[in-house]
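Architecture and fold: a report
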Amino acid sequence: MDFYNEIFKRKSFHIFKETEKISGEEINELEDFITTLTPLCPEIRTEIKIVKEEETTCKRGGEYCVLFYSEIKEKYLRNIGYIGEQIDLYLASKNIGALWYGVGKTEIKSEFGLEFIIMINISKMPENKFRTDMFKAKRKTLSEVWSGDTLNIADVLRFAPSACNTQPWITENRGGKLAVFRYKKTGKRGIMPADKVIYYNRIDMGIYLYFLETLLKHEKLSFERTLFPDNSTDDTEKTLVAEYLLK
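In this report, we go over the structure that sits alongside the text.

Criteria and thresholds
- Residues numbered from 1 in each chain as written.
- Predicted model: local features only at pLDDT ≥ 70, side-chain atom pairs only at ≥ 80, totals over all residues.
- Heavy atoms only, no water.
- Helix = DSSP H or I, 4+ residues; strand = E, 2+ residues; numbered from the N terminus.
- Rg over C-alpha atoms; globule rule 2.2 N^0.38 Å.
- Buried < 20%, exposed > 50% of the residue type's maximum accessible area, 1.4 Å probe, protein only.
- Contact = heavy atoms within 4.5 Å.
- Phe/Tyr/Trp six-rings, centres within 6.5 Å; stacked < 30°, edge-to-face > 60°.
- Lys NZ or Arg CZ within 6 Å of the ring centre and 35° of its normal.
- Core = buried A, V, L, I, M, F, W, Y, C linked by side-chain atoms within 4.5 Å.
- Axes fitted to C-alpha atoms, helices over the stretch in contact; angles between N-to-C directions.
- Left-handed = near helix turned anticlockwise from the far one by under 90°.
- Nonpolar A, V, L, I, M, F, W, Y, C, P; charged D, E, K, R; others polar.
- Salt bridge = Lys/Arg side-chain N within 4 Å of Asp/Glu carboxyl O.
- Parallel < 35°, antiparallel > 145°, perpendicular 65-115°, else oblique.

1. Focus on the overall build of the protein chain
- Within the protein chain, the secondary structure is distributed over six helices and ten strands.
- For a compact globule of 247 residues, the expected C-alpha radius of gyration is about 18 Å, and the protein chain comes in at 17 Å, within 12% of that figure.
- For the protein chain, the spread of C-alpha atoms along the principal axes amounts to about 50 × 35 × 35 Å.
- Going through the 247 residues of the protein chain one by one, you find that 53% of them count as buried.
- Pairs at least 24 residues apart make up 72% of the contacts formed inside the protein chain by residues separated by at least 6 positions.

Structure representation (structure tokens):
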């Protein structure tokens, strides 16, 4: 599915107010959509469960939580971000608000031999509660996150969601090849606990890659993607995670 328009509409609902009820039919449609997700790393097994919010520690006023489980393998966090953002944008298309909720816990810590990774809290919202002008949101400047020809996508790409709005990415357009880095100023972590910075930022990179590919496809730019391991430590400022050869 093409979720280009939803990039401009989606927002993170940090607290759900004035909510509506998600119908049983909408839950069934979401479950059907989940079966169509495209993983970043098909070799990594994942499972997704939809449970009532009260079955988790999330207390944001949502109705349900989407729980993500995965094998613990190289690139597994990036993979979860990539598939989870497809759900985030799908939900926006149905006027269902979403919040990536990193600190949420569930009693079901493992499922199908897979480990719980993260959840998205969701609730039906009036359409006027979604974004009407994405560019009013606070983000890093274009020069902080992109270098080289913008390909008519870079300014929109800045608005990919990330944990605590850290925006841990830099893309360098090297004349026909995009080099995508996970970036963090050494010693800087915002409000996140130090041991969680890399964890959530690696999920963020999967979200970012899905945004990037959606925008490239919208501009009818075909590409060949190469992924790289991300084994760097918290002290590493810039780590190459992917390259896109434009065709």
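2. So, the packing of aromatic side chains
- Taken as a whole and assessed by the stated rule, the structure comprises twelve aromatic pairs.
- Taking the centre distance of 5.2 Å and the plane angle of 90 degrees together, the rings of Tyr199 and Tyr200 count as edge-to-face.
- The structure contains a cluster of three or more aromatic residues connected by ring pairs, namely Phe3, Phe33 and Tyr90.
- Positioned above the aromatic ring of Phe130 is the side chain of Lys9, whose terminal nitrogen or guanidinium carbon lies 5.0 Å from the ring centre.
- Residue placement shows Lys238 over the ring face of Phe181; its charged tip is 4.5 Å from the ring centre.

3. Quick look at the environment of Thr233
- Looking at the secondary structure, you find Thr233 in the loop between strand E9 (223-227) and strand E10 (238-246).
- Given the relative accessible area of 46%, Thr233 is considered partly exposed.
- C-alpha separation for the pair Thr233 and Ile198, spaced 35 residues apart in sequence, amounts to 7.9 Å.

4. Quick look at the nonpolar core
- Among the nonpolar cores identified, the biggest contains 63 residues, and Ile87, Ile122, Val180, Ile203, Tyr208, Leu209 and Leu212 are the most heavily contacted of them.
- In terms of residue count, the dominant contributor to this core is helix H6 (residues 194-218) (twelve residues).
- Not counting residues up to four positions away in its chain, the partners in contact with Ile203 are Leu77, Gly81, Trp100, Ile117 and Ile118.
- Listed in part, the 15 residues of the second largest apolar core include Leu67, Leu99, Phe116 and Met119.

5. Section: the packing of helix H2 (residues 24-34) against helix H3 (residues 76-93)
- Running from N to C, H2 and H3 cross one another at 145 degrees; their axes reach a closest spacing of 11 Å. Relative to H3, H2 is oriented so that their crossing is right-handed. Across the interface between the two elements, Glu29, Leu30, Phe33 and Ile34 from H2 touch Gln86, Ile87, Tyr90 and Leu91 from H3.
- Its residues assigned to classes, the contact of H2 with H3 comprises six nonpolar, one polar and one charged.

6. Overview of the pattern of salt bridges
- Counted under the stated rule, the structure contains 16 salt bridges.
- A salt bridge links Glu213 to Arg225, with the nearest nitrogen and oxygen atoms 2.8 Å apart. Placement of the pair is Glu213 in helix H6 and Arg225 in strand E9, with a sequence separation of twelve residues.
- The class for Glu213 is buried, based on a relative accessible area of 3%.
- One network of salt bridges, with partners in common, ties together Arg10, Glu85 and Asp88.

7. A look at the environment of Lys238
- In this structure, Lys238 sits in strand E10.
- Given the relative accessible area of 38%, Lys238 is considered partly exposed.
- Aside from chain neighbours lying at most four places away, what touches Lys238 is Glu172, Phe181, Arg182 and Tyr183.

8. Thoughts on the packing of H3 against H6
- Between H3 and H6, the least distance of the axes is 7 Å, while the angle of their chain directions is 55 degrees. Overall, the two elements H3 and H6 adopt an arrangement that is oblique. Classified by chirality, the crossing of H6 by H3 is right-handed. The segment H3 lies against H6, with Tyr76, Leu77, Arg78, Gly81, Tyr82, Glu85, Gln86 and Leu89 engaging Tyr199, Arg202, Ile203, Met205, Gly206, Ile207, Leu209, Tyr210, Phe211 and Glu213.
- Residue composition of the contact of H3 with H6, grouped by class: eleven nonpolar, three polar and four charged.

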